[in-house]
Amino acid sequence: MSTHAAARVAAPTRREQILREAARLFAERGFHGVGVDEIGAAVGISGPGLYRHFPGKDAMLAELLVGISERLLEGGRLRVSEDAAQGDGSPEALLDALIEGHIDFALDDRPLITLHDRELDRLRDTDRKRVRRLQREYVEVWVGVVRALYPSLAENRARVTVHAVFGLLNSTPHLARPDALPGRAATAALLHRLARGAFAAAEPS
């Protein structure tokens, strides 16, 4: 099992439980619509007990948005390094792995997508700039892989296409009620086909 896979099956820590419930509540009601007492109740501790883990809601929001940007970048770089270590890896297989990793995020962490869209501007300037920097680096990981698979694709065209694919994959919070979506495997397969189709369509004819 890879390090990435092992991290996914490890039991969540108390901090992770708090962050997961904070993300859900912030996404449902908005950052200012949720109090620390409600977050505490969701994980079975008192509101003041949260301050043993976080200095306040602002710190939770920052850790959620900075943290997911870091995890996406680390996951992308890990896939690239694992592919390089194989020696005979293919750009197509690597792009598929990147797409699969981002689909996992888009299906399993939908509240974080909503949070990013609604609450990014609430972060301190330093945290917001850090999120943007991490996101740019993540895009460039994809651009390198896409251009290796489609060498005729100009860098700027590849970058635009990567952003468009992210928009496609990150649309999951807006598709329908969670119980109205197809099964997870079917949804993941559909998103994967759509993403690969977008990259293929971007290649000059």
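Residues numbered from 1 in each chain as written. Predicted model: local features only at pLDDT ≥ 70, side-chain atom pairs only at ≥ 80, totals over all residues. Heavy atoms only, no water.

Focus on the overall build of the protein chain
Definition in use: Strands are runs of DSSP state E lasting at least 2 residues, helices are runs of H or I lasting at least 4, and numbering of each runs from the N terminus. Every radius of gyration here is taken over C-alpha atoms, with the globule rule written as 2.2 Å times N^0.38, N being the number of residues. Relative accessibility thresholds used throughout: buried, under 20% of the residue-type maximum; exposed, over 50%; partly exposed, between the two (1.4 Å probe, protein chains only). The Shrake-Rupley method, run with a 1.4 Å probe, gives the accessible areas here. Residue values count only the displayed protein chains as cover.
The helix and strand tally for the protein chain stands at nine helices and zero strands. Helices (α) and strands (β) of the protein chain occur, in sequence order from the N terminus, as α-α-α-α-α-α-α-α-α. Radius of gyration (C-alpha) of the protein chain: 18 Å, near the 17 Å computed for a compact globule of 205 residues. By its C-alpha atoms, the protein chain is 60 × 35 × 35 Å across when sized along the principal axes. Expressed as a percentage of the 205 residues in the protein chain, the buried residues total 41%. Counting every atom, the protein chain has about 10900 Å² of accessible surface; 53% of that belongs to carbon and sulfur.

Remarks on the side chain of Thr-172
Note the cut-off: When checking whether two residues touch, look at their non-hydrogen atoms; a contact exists if any pair is within 4.5 Å.
The residue Thr-172 is located in the loop between α8 (155–169) and α9 (184–202) in this model. A residue is classified by how much of its surface remains accessible, and Thr-172, at 0% relative accessible area, is buried. Filtering out sequence-adjacent residues up to four positions away, Thr-172 remains in contact with Ala-106, Leu-107, Arg-110, Ile-113 and Leu-191.

Remarks on the side chain of Asp-127
Looking at the secondary structure, you find Asp-127 in helix α7 (residues 125–149). Excluding residues within four positions of it along the chain, Asp-127 makes contact with Ala-62 and Val-66.

Observations regarding the environment of Gln-135
Put simply, the test is: Under the rule applied, a polar contact is a pair of N or O atoms within 3.5 Å (in protein, one hydrogen donor and one hydrogen acceptor; residues adjacent in sequence only if both atoms are side-chain atoms).
By secondary structure assignment, the location of Gln-135 is in helix α7. In this structure Gln-135 comes out as partly exposed when scored by relative accessible area, which is 23%. Sequence separation between Gln-135 and Leu-72 is 63 residues, and the spatial gap between their C-alpha atoms is 8.4 Å. Each residue touching Gln-135, except ones within four places of it in the same chain, is listed here: Ser-69 and His-116. At a separation of 2.8 Å, a polar atom in the side chain of Gln-135 contacts the side chain of His-116.

Quick look at the nonpolar core
The test is simple: In these notes, a set of buried Ala, Val, Leu, Ile, Met, Phe, Trp, Tyr and Cys residues joined through side-chain atoms within 4.5 Å is what counts as a nonpolar core.
Of all hydrophobic cores here, the largest spans 57 residues; its most connected members are Phe-26, Ile-39, Met-60, Trp-142 and Phe-199. Among the elements of the structure, α2 (14–29), α3 (36–43), α4 (57–86), α5 (91–108), α6 (110–119), α7, α8 and α9 are those that each provide at least two residues to this core. Excluding residues that lie within four positions of it along the chain, Trp-142 makes contacts with Leu-95, Leu-98, Ile-99, His-102, Val-162, Val-165, Phe-166 and Phe-199.

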